[in-house]
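Breakdown of the fold
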Amino acid sequence: MTWLITGGAGYIGAHVVRAMSEDGRGVVVLDDLSTGDAARLPAGVPLVTGSTLDRPLLDRVLAEHGVTGVLHIAAKKQVGESVEQPLRYYRENVEGLRTVLEAAVAAGVRSFLLSSSAAVYGMPDVETVTEDTPCLPMSPYGETKLAGEWLVRATGRAHGMGTVALRYFNVAGAATAELGDPGVFNLVPMVFERLAAGLPPRVFGADYPTPDGTCVRDYIHIADVASAHVAAVRRLEADPDGEVRLTLNIGRGEGVSVREMLDAIGRVTGLDTTAETVPRRAGDPARVVASADLIAKELGWTAEHDLESMVSSAWSGWQQRHPGGAG
Ligand code: WQD
(Lines give C-alpha, C1' and ligand atoms only; values in the text may rest on other atoms or scores of the structure.)
Protein backbone atom coordinates (compact mmCIF):
# COMPACT_ATOMS: atom_id res chain seq x y z
CA MET A 1 0.00 0.00 0.00
CA THR A 2 1.19 3.52 -0.72
CA TRP A 3 -0.11 6.52 1.21
CA LEU A 4 -0.35 9.99 -0.25
CA ILE A 5 0.50 12.57 2.44
CA THR A 6 -0.65 16.05 1.45
CA GLY A 7 1.17 18.80 3.34
CA GLY A 8 3.92 16.28 4.08
CA ALA A 9 6.66 18.94 4.00
CA GLY A 10 5.00 20.95 6.80
CA TYR A 11 5.74 20.81 10.51
CA ILE A 12 3.13 18.17 11.36
CA GLY A 13 3.22 16.49 7.94
CA ALA A 14 6.97 15.89 8.01
CA HIS A 15 6.75 14.20 11.41
CA VAL A 16 3.95 12.00 10.09
CA VAL A 17 5.97 11.14 6.94
CA ARG A 18 8.89 10.11 9.12
CA ALA A 19 6.74 7.98 11.44
CA MET A 20 5.02 6.31 8.47
CA SER A 21 8.37 5.56 6.76
CA GLU A 22 9.84 4.20 9.99
CA ASP A 23 6.79 1.96 10.30
CA GLY A 24 7.70 0.49 6.90
CA ARG A 25 5.03 2.16 4.75
CA GLY A 26 5.37 3.52 1.26
CA VAL A 27 4.58 7.23 1.10
CA VAL A 28 4.45 9.98 -1.51
CA VAL A 29 4.18 13.65 -0.53
CA LEU A 30 2.19 16.40 -2.24
CA ASP A 31 3.04 19.88 -0.96
CA ASP A 32 2.90 23.32 -2.55
CA LEU A 33 5.86 24.40 -0.37
CA SER A 34 4.04 27.62 0.56
CA THR A 35 4.98 27.00 4.18
CA GLY A 36 6.52 23.54 3.81
CA ASP A 37 10.20 22.76 3.31
CA ALA A 38 11.48 19.93 1.10
CA ALA A 39 14.54 19.62 3.37
CA ARG A 40 12.28 18.16 6.08
CA LEU A 41 11.64 15.00 4.06
CA PRO A 42 13.71 11.86 4.63
CA ALA A 43 15.89 10.73 1.72
CA GLY A 44 13.99 8.59 -0.76
CA VAL A 45 10.52 9.97 -0.08
CA PRO A 46 9.10 11.27 -3.36
CA LEU A 47 7.89 14.88 -3.28
CA VAL A 48 5.43 16.22 -5.82
CA THR A 49 5.36 20.02 -5.66
CA GLY A 50 1.86 21.26 -6.39
CA SER A 51 -1.55 22.24 -5.13
CA THR A 52 -4.40 20.19 -3.70
CA LEU A 53 -6.60 22.20 -6.08
CA ASP A 54 -4.86 20.70 -9.13
CA ARG A 55 -7.09 17.78 -10.11
CA PRO A 56 -5.05 16.56 -13.12
CA LEU A 57 -1.93 16.51 -10.95
CA LEU A 58 -3.76 14.58 -8.22
CA ASP A 59 -5.03 12.04 -10.77
CA ARG A 60 -1.48 11.52 -12.02
CA VAL A 61 0.06 11.13 -8.55
CA LEU A 62 -2.62 8.69 -7.35
CA ALA A 63 -2.24 6.55 -10.49
CA GLU A 64 1.56 6.66 -10.83
CA HIS A 65 2.18 5.73 -7.18
CA GLY A 66 -0.68 3.23 -6.85
CA VAL A 67 -2.05 5.17 -3.88
CA THR A 68 -4.54 3.25 -1.72
CA GLY A 69 -4.84 5.68 1.20
CA VAL A 70 -4.61 9.44 1.76
CA LEU A 71 -3.52 11.41 4.80
CA HIS A 72 -4.81 14.92 4.07
CA ILE A 73 -2.72 17.23 6.23
CA ALA A 74 -2.31 20.18 3.82
CA ALA A 75 -4.17 23.29 5.01
CA LYS A 76 -3.91 26.93 5.93
CA LYS A 77 -3.83 27.07 9.72
CA GLN A 78 -3.60 30.64 11.04
CA VAL A 79 -6.76 31.46 12.95
CA GLY A 80 -6.32 35.26 12.76
CA GLU A 81 -5.50 35.19 9.06
CA SER A 82 -8.64 33.15 8.41
CA VAL A 83 -10.74 35.98 9.86
CA GLU A 84 -9.12 38.39 7.37
CA GLN A 85 -9.20 36.00 4.42
CA PRO A 86 -12.20 33.64 4.73
CA LEU A 87 -12.50 33.11 0.98
CA ARG A 88 -8.89 31.94 0.76
CA TYR A 89 -9.34 29.61 3.75
CA TYR A 90 -12.50 28.04 2.34
CA ARG A 91 -10.82 27.61 -1.05
CA GLU A 92 -7.65 26.00 0.31
CA ASN A 93 -9.14 24.01 3.18
CA VAL A 94 -12.56 23.03 1.82
CA GLU A 95 -12.28 23.20 -1.98
CA GLY A 96 -8.73 21.75 -1.79
CA LEU A 97 -10.05 18.87 0.33
CA ARG A 98 -13.06 18.38 -1.96
CA THR A 99 -10.74 18.12 -4.97
CA VAL A 100 -8.49 15.58 -3.21
CA LEU A 101 -11.57 13.54 -2.20
CA GLU A 102 -12.97 13.59 -5.73
CA ALA A 103 -9.65 12.38 -7.15
CA ALA A 104 -9.38 9.75 -4.37
CA VAL A 105 -12.85 8.36 -5.12
CA ALA A 106 -12.12 8.27 -8.86
CA ALA A 107 -8.86 6.40 -8.20
CA GLY A 108 -10.54 3.84 -5.91
CA VAL A 109 -8.68 4.95 -2.75
CA ARG A 110 -9.84 2.83 0.22
CA SER A 111 -8.86 4.96 3.22
CA PHE A 112 -8.85 8.67 4.06
CA LEU A 113 -7.58 10.53 7.10
CA LEU A 114 -8.19 14.24 7.70
CA SER A 115 -6.17 16.54 9.96
CA SER A 116 -8.75 18.37 12.02
CA SER A 117 -8.42 20.62 15.01
CA ALA A 118 -9.72 21.45 18.48
CA ALA A 119 -10.71 24.72 16.79
CA VAL A 120 -13.94 22.94 15.73
CA TYR A 121 -15.14 23.15 19.36
CA GLY A 122 -14.77 26.95 19.63
CA MET A 123 -15.21 27.97 23.27
CA PRO A 124 -16.27 24.70 24.92
CA ASP A 125 -18.00 25.25 28.23
CA VAL A 126 -16.84 21.96 29.74
CA GLU A 127 -13.91 20.76 31.85
CA THR A 128 -12.99 18.07 29.38
CA VAL A 129 -13.85 18.08 25.70
CA THR A 130 -15.17 14.79 24.37
CA GLU A 131 -15.89 14.14 20.72
CA ASP A 132 -19.59 14.60 21.56
CA THR A 133 -19.09 18.15 22.87
CA PRO A 134 -21.02 20.48 20.53
CA CYS A 135 -18.93 22.00 17.75
CA LEU A 136 -19.30 25.79 17.55
CA PRO A 137 -16.18 27.03 15.75
CA MET A 138 -15.24 30.66 16.42
CA SER A 139 -13.22 31.34 13.27
CA PRO A 140 -13.37 30.61 9.54
CA TYR A 141 -10.37 28.34 10.15
CA GLY A 142 -12.36 26.21 12.61
CA GLU A 143 -15.37 26.27 10.27
CA THR A 144 -13.30 24.91 7.38
CA LYS A 145 -12.09 22.05 9.57
CA LEU A 146 -15.63 21.18 10.69
CA ALA A 147 -16.99 21.38 7.14
CA GLY A 148 -14.06 19.20 6.09
CA GLU A 149 -14.99 16.55 8.65
CA TRP A 150 -18.57 16.48 7.30
CA LEU A 151 -17.37 16.21 3.73
CA VAL A 152 -14.96 13.39 4.51
CA ARG A 153 -17.58 11.44 6.46
CA ALA A 154 -20.27 11.81 3.82
CA THR A 155 -17.88 10.82 1.05
CA GLY A 156 -16.65 7.81 2.98
CA ARG A 157 -20.21 6.63 3.56
CA ALA A 158 -21.29 7.16 -0.02
CA HIS A 159 -18.23 5.53 -1.62
CA GLY A 160 -17.20 2.80 0.84
CA MET A 161 -14.01 4.53 1.96
CA GLY A 162 -12.83 4.22 5.58
CA THR A 163 -12.43 7.65 7.21
CA VAL A 164 -10.76 9.11 10.28
CA ALA A 165 -10.64 12.74 11.40
CA LEU A 166 -8.05 13.57 14.04
CA ARG A 167 -8.72 16.70 16.08
CA TYR A 168 -5.33 18.01 17.19
CA PHE A 169 -5.17 20.00 20.40
CA ASN A 170 -2.09 22.24 21.03
CA VAL A 171 0.84 20.63 19.24
CA ALA A 172 4.34 21.45 20.52
CA GLY A 173 7.88 20.14 20.41
CA ALA A 174 10.01 18.63 17.67
CA ALA A 175 11.35 15.15 17.01
CA THR A 176 14.59 16.59 15.63
CA ALA A 177 15.92 20.11 15.13
CA GLU A 178 15.39 19.96 11.36
CA LEU A 179 11.73 19.12 11.83
CA GLY A 180 10.95 21.94 14.25
CA ASP A 181 8.25 24.48 13.59
CA PRO A 182 9.68 27.74 12.26
CA GLY A 183 6.28 29.39 12.87
CA VAL A 184 6.09 31.94 15.66
CA PHE A 185 2.34 32.14 16.17
CA ASN A 186 1.97 29.73 19.08
CA LEU A 187 2.84 30.08 22.74
CA VAL A 188 6.12 28.13 22.92
CA PRO A 189 7.86 29.66 19.85
CA MET A 190 6.51 33.11 20.79
CA VAL A 191 8.09 32.82 24.23
CA PHE A 192 11.41 31.72 22.65
CA GLU A 193 11.30 34.73 20.29
CA ARG A 194 10.77 37.14 23.17
CA LEU A 195 13.55 35.59 25.25
CA ALA A 196 15.91 35.72 22.26
CA ALA A 197 15.15 39.41 21.84
CA GLY A 198 15.93 40.02 25.51
CA LEU A 199 12.28 40.80 26.23
CA PRO A 200 9.98 39.29 28.86
CA PRO A 201 7.45 36.74 27.55
CA ARG A 202 3.89 38.01 27.37
CA VAL A 203 0.81 36.52 28.99
CA PHE A 204 -2.32 37.37 27.04
CA GLY A 205 -4.68 37.91 29.95
CA ALA A 206 -4.37 36.80 33.59
CA ASP A 207 -8.01 37.37 34.55
CA TYR A 208 -9.54 34.19 33.15
CA PRO A 209 -11.70 31.99 35.39
CA THR A 210 -8.89 29.41 35.79
CA PRO A 211 -6.81 28.50 38.88
CA ASP A 212 -3.98 30.97 38.10
CA GLY A 213 -6.01 33.29 35.85
CA THR A 214 -4.24 32.29 32.62
CA CYS A 215 -5.63 30.14 29.80
CA VAL A 216 -5.42 26.37 30.07
CA ARG A 217 -4.65 24.14 27.07
CA ASP A 218 -3.87 20.51 26.32
CA TYR A 219 -0.34 20.49 24.85
CA ILE A 220 0.76 17.41 22.97
CA HIS A 221 4.19 16.41 21.66
CA ILE A 222 4.46 16.29 17.88
CA ALA A 223 5.99 12.80 18.10
CA ASP A 224 2.80 11.62 19.82
CA VAL A 225 0.69 13.29 17.14
CA ALA A 226 2.71 11.38 14.53
CA SER A 227 2.29 8.03 16.30
CA ALA A 228 -1.48 8.63 16.51
CA HIS A 229 -1.53 8.86 12.70
CA VAL A 230 0.27 5.54 12.39
CA ALA A 231 -2.25 3.96 14.78
CA ALA A 232 -5.11 5.35 12.68
CA VAL A 233 -3.50 4.06 9.48
CA ARG A 234 -3.24 0.55 10.95
CA ARG A 235 -6.92 0.69 11.77
CA LEU A 236 -7.82 1.87 8.27
CA GLU A 237 -5.67 -0.85 6.68
CA ALA A 238 -7.61 -3.45 8.65
CA ASP A 239 -10.88 -2.18 7.14
CA PRO A 240 -11.12 -3.55 3.60
CA ASP A 241 -14.79 -2.62 3.26
CA GLY A 242 -14.29 1.03 4.11
CA GLU A 243 -16.63 1.01 7.09
CA VAL A 244 -14.48 2.79 9.68
CA ARG A 245 -15.94 6.18 10.54
CA LEU A 246 -13.98 7.80 13.38
CA THR A 247 -13.59 11.32 14.74
CA LEU A 248 -11.00 11.42 17.52
CA ASN A 249 -9.31 13.94 19.79
CA ILE A 250 -5.51 13.83 19.97
CA GLY A 251 -4.55 15.21 23.34
CA ARG A 252 -3.11 14.18 26.68
CA GLY A 253 -6.15 14.98 28.79
CA GLU A 254 -4.02 17.23 30.98
CA GLY A 255 -4.56 20.97 31.34
CA VAL A 256 -1.50 23.24 31.41
CA SER A 257 -1.87 26.99 32.05
CA VAL A 258 0.20 29.66 30.30
CA ARG A 259 1.99 30.26 33.61
CA GLU A 260 2.74 26.56 34.06
CA MET A 261 4.13 26.49 30.51
CA LEU A 262 6.33 29.51 31.27
CA ASP A 263 7.61 27.76 34.40
CA ALA A 264 8.42 24.64 32.37
CA ILE A 265 10.26 26.76 29.79
CA GLY A 266 12.21 28.42 32.60
CA ARG A 267 13.21 25.03 34.05
CA VAL A 268 14.28 23.62 30.69
CA THR A 269 16.16 26.68 29.37
CA GLY A 270 17.51 28.03 32.64
CA LEU A 271 16.28 31.47 31.51
CA ASP A 272 14.19 33.92 33.48
CA THR A 273 10.65 33.57 32.13
CA THR A 274 9.07 36.19 34.38
CA ALA A 275 6.32 37.49 32.14
CA GLU A 276 4.50 40.73 31.55
CA THR A 277 0.72 40.53 31.49
CA VAL A 278 -0.93 42.21 28.53
CA PRO A 279 -4.64 42.37 27.62
CA ARG A 280 -6.49 39.26 26.49
CA ARG A 281 -6.13 38.20 22.87
CA ALA A 282 -9.52 38.27 21.13
CA GLY A 283 -11.27 34.92 20.85
CA ASP A 284 -9.14 32.91 23.30
CA PRO A 285 -11.19 30.37 25.27
CA ALA A 286 -10.28 30.05 28.98
CA ARG A 287 -9.88 26.28 28.95
CA VAL A 288 -9.62 23.67 26.20
CA VAL A 289 -8.58 20.22 27.43
CA ALA A 290 -9.24 16.99 25.57
CA SER A 291 -10.68 13.76 26.74
CA ALA A 292 -8.32 11.25 25.14
CA ASP A 293 -10.45 8.25 26.15
CA LEU A 294 -12.04 7.52 22.78
CA ILE A 295 -8.76 7.34 20.85
CA ALA A 296 -7.34 5.04 23.55
CA LYS A 297 -10.39 2.78 23.19
CA GLU A 298 -10.59 2.83 19.39
CA LEU A 299 -6.90 2.82 18.43
CA GLY A 300 -5.15 1.68 21.60
CA TRP A 301 -3.14 4.93 21.43
CA THR A 302 -2.05 7.15 24.31
CA ALA A 303 0.47 9.99 24.46
CA GLU A 304 3.92 9.06 25.78
CA HIS A 305 5.68 12.41 26.10
CA ASP A 306 5.28 14.86 28.98
CA LEU A 307 5.51 18.64 29.09
CA GLU A 308 9.27 18.71 29.84
CA SER A 309 9.99 16.52 26.85
CA MET A 310 7.89 18.80 24.59
CA VAL A 311 9.60 21.94 25.82
CA SER A 312 13.13 20.53 25.73
CA SER A 313 12.74 19.18 22.19
CA ALA A 314 11.22 22.48 21.02
CA TRP A 315 14.07 24.36 22.71
CA SER A 316 16.91 22.31 21.25
CA GLY A 317 15.35 22.58 17.80
CA TRP A 318 14.90 26.31 18.19
CA GLN A 319 18.48 26.81 19.39
CA GLN A 320 19.90 24.87 16.46
CA ARG A 321 17.92 26.98 14.00
CA HIS A 322 18.94 30.22 15.75
CA PRO A 323 22.63 29.89 16.59
CA GLY A 324 23.66 32.81 18.78
CA GLY A 325 20.03 33.31 19.92
CA ALA A 326 18.76 33.18 23.49
CA GLY A 327 20.54 30.87 25.91
C1 WQD B 1 -2.02 29.16 23.71
C2 WQD B 1 -2.30 30.06 24.91
C3 WQD B 1 -2.76 32.35 24.35
C4 WQD B 1 1.32 33.42 23.08
C5 WQD B 1 -4.21 27.85 18.27
C6 WQD B 1 -5.41 27.67 17.39
C7 WQD B 1 -5.80 26.24 17.36
C8 WQD B 1 -4.63 25.38 16.94
C9 WQD B 1 -3.44 25.63 17.80
C10 WQD B 1 -4.51 24.98 14.58
C11 WQD B 1 -3.45 31.04 24.67
C12 WQD B 1 -1.52 32.22 25.19
C13 WQD B 1 0.20 32.76 23.50
C14 WQD B 1 1.94 34.37 23.96
C15 WQD B 1 0.24 33.90 25.59
N16 WQD B 1 -4.23 25.67 15.60
N17 WQD B 1 -0.34 32.98 24.72
N18 WQD B 1 1.36 34.56 25.18
O19 WQD B 1 -4.76 29.77 20.59
O20 WQD B 1 -4.76 27.69 22.03
O21 WQD B 1 -4.60 27.48 19.60
O22 WQD B 1 -3.16 27.02 17.82
O23 WQD B 1 -5.19 24.00 14.51
O24 WQD B 1 -6.83 26.11 16.51
O25 WQD B 1 -6.46 28.46 17.91
O26 WQD B 1 -2.66 28.31 20.81
O27 WQD B 1 -0.27 28.63 21.20
O28 WQD B 1 -1.60 30.52 20.15
O29 WQD B 1 -1.96 29.98 22.55
O30 WQD B 1 -0.24 34.13 26.72
O31 WQD B 1 2.96 35.02 23.65
O32 WQD B 1 -1.15 30.87 25.12
O33 WQD B 1 -3.50 33.48 24.74
O34 WQD B 1 -4.16 31.15 25.86
P35 WQD B 1 -4.28 28.41 20.82
P36 WQD B 1 -1.56 29.38 21.10
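One structure accompanies this document, and this report is about it. In this text the structure is predicted, and so the values were computed from the model without any measurement. (Residues numbered from 1 in each chain as written. Predicted model: local features only at pLDDT ≥ 70, side-chain atom pairs only at ≥ 80, totals over all residues. Heavy atoms only, no water.)

Let's talk about the sheet that holds strand S5 (residues 111–117)
Taken in spatial order, the seven strands make up an open sheet running S3-S2-S1-S4-S5-S6-S11, and their pairing is parallel. Strands with a single pairing partner mark the edges of an open sheet, and in this sheet they are strand S3 (47–49) and strand S11 (245–250). When strand polarity is set aside, the average angle formed by the axes of neighbouring strands in this sheet is 20°. Sheet analysis places strand S4 (residues 67–72) next to S5, joined by four bridges and oriented parallel. When the sheet's bridge partners are listed, His72 is paired in S5 with Leu114. Contacting S5, strand S6 (162–168) and S11, helix H5 (residues 140–159) crosses the sheet at an angle of about 160° to S5. (Pairing = 2+ DSSP bridges. Helix = DSSP H or I, 4+ residues; strand = E, 2+ residues; numbered from the N terminus. Axes fitted to C-alpha atoms, helices over the stretch in contact; angles between N-to-C directions. Contact = heavy atoms within 4.5 Å.)

Points about the nonpolar core
Counting residues in each nonpolar core, the largest one holds 36 residues, and the members touching the most others are Met20, Leu71, Ile250 and Ile295. Take this core: its biggest share by element is nine residues, from helix H7 (residues 222–237). When near neighbours in sequence (up to four residues on either side) are disregarded, Ile295 contacts Leu166, Ala228, Leu248, Asn249, Ile250, Gly300 and Trp301. Val188, Leu195, Val256 and Ala314 belong to the second largest nonpolar core, which has 23 residues in total. (Core = buried A, V, L, I, M, F, W, Y, C linked by side-chain atoms within 4.5 Å. Buried < 20%, exposed > 50% of the residue type's maximum accessible area, 1.4 Å probe, protein only.)

What about unusual backbone geometry?
The backbone of Leu33 shows a phi angle near 60°, a positive value even though the residue is not glycine. Here Leu33 lies in the loop between strand S2 (26–31) and S3.

Considering the site of the ligand
Among the 18 residues in the neighbourhood of the ligand, the closest are listed as Tyr141, Leu187, Arg202, Arg217 and Asp284. One of the side-chain nitrogen or oxygen atoms of Ser117 is found 3.0 Å away from an oxygen atom of the ligand. In this structure, Leu187 approaches the ligand through a main-chain N or O atom, which is 2.7 Å from an oxygen atom. Among the elements of the structure, helix H6 (187–196) and strand S8 (202–204) are those that each provide at least two residues to the shell around the ligand. No other element matches the three residues that S8 contributes to the shell around the ligand. (Near = heavy atom within 4 Å. Polar contact = N/O pair within 3.5 Å; in protein donor to acceptor, adjacent residues only side chain to side chain.)

Let's talk about the pattern of salt bridges
Tallying each qualifying case throughout the model produces 17 salt bridges. The salt bridge involving Arg55 is made with Glu102; its shortest N-O contact spans 3.4 Å. With Arg55 in helix H2 (residues 55–64) and Glu102 in helix H4 (residues 86–106), this residue pair connects regions lying 47 residues apart in the sequence. For Arg55, a relative accessible area of 25% puts it in the partly exposed group. Measuring nitrogen to oxygen at the nearest pair gives 3.0 Å for the salt bridge that ties Arg98 to Glu102. Taken as a pair, Arg98 and Glu102 lie in helix H4 at a separation of four residues, close to a single helical turn. Beyond isolated ion pairs, a larger network of salt bridges with shared partners links Arg55, Asp59, Glu95, Arg98 and Glu102. (Salt bridge = Lys/Arg side-chain N within 4 Å of Asp/Glu carboxyl O.)

Section: the sheet that holds strand S12 (residues 256–257)
One open sheet holds the three strands; their spatial order is S12-S9-S14, and the pairing between them is mixed. Bordering the open sheet on either side are S12 and strand S14 (287–288), each of which pairs with just one other strand. When strand S9 (residues 216–217) meets S12, the two strands line up antiparallel, connected through two bridges. Bridged to Arg217 within S12 is Val256.

Some words on the side chain of Arg252
Looking at the element boundaries, Arg252 is found in the loop between S11 and S12. With near-sequence residues (within four places) excluded, Arg252 lies in contact with Asp218, Tyr219, Ile220, Ala303, His305, Asp306, Leu307 and Met310.

Thoughts on the pairing of S5
Of all seven residues that make up S5, seven are buried, and the element is covered over most of its length. Burial along S5 is two-sided: the face carrying Ser111, Leu113, Ser115 and Ser117 and the face carrying Phe112, Leu114 and Ser116 are both buried. The pairing of S5 with S6 spans seven bridges and is classified as parallel. Opposite Ser111, over in S6, you have Gly162 as the bridge partner. This β-α-β element, S5 to H5 to S6, shows right-handed connectivity. (Right-handed = clockwise from strand over helix to strand, strands pointing away.)

Remarks on the packing of H2 against H4
One can describe the packing of H2 onto H4 by two numbers: an axis separation of 9 Å at closest approach and a directional angle of 40°. It follows that H2 is oblique to H4 by the angle criterion. Where H2 crosses over H4, the handedness of that crossing is right-handed. Within the contact between the two elements, H2 uses Arg55, Leu58, Asp59 and Leu62 and H4 uses Thr99, Val100, Glu102, Ala103, Ala104 and Ala106. When the residues that make up the contact of H2 with H4 are grouped by side-chain class, the tally is six nonpolar, one polar and three charged. (Parallel < 35°, antiparallel > 145°, perpendicular 65-115°, else oblique. Left-handed = near helix turned anticlockwise from the far one by under 90°. Nonpolar A, V, L, I, M, F, W, Y, C, P; charged D, E, K, R; others polar.)

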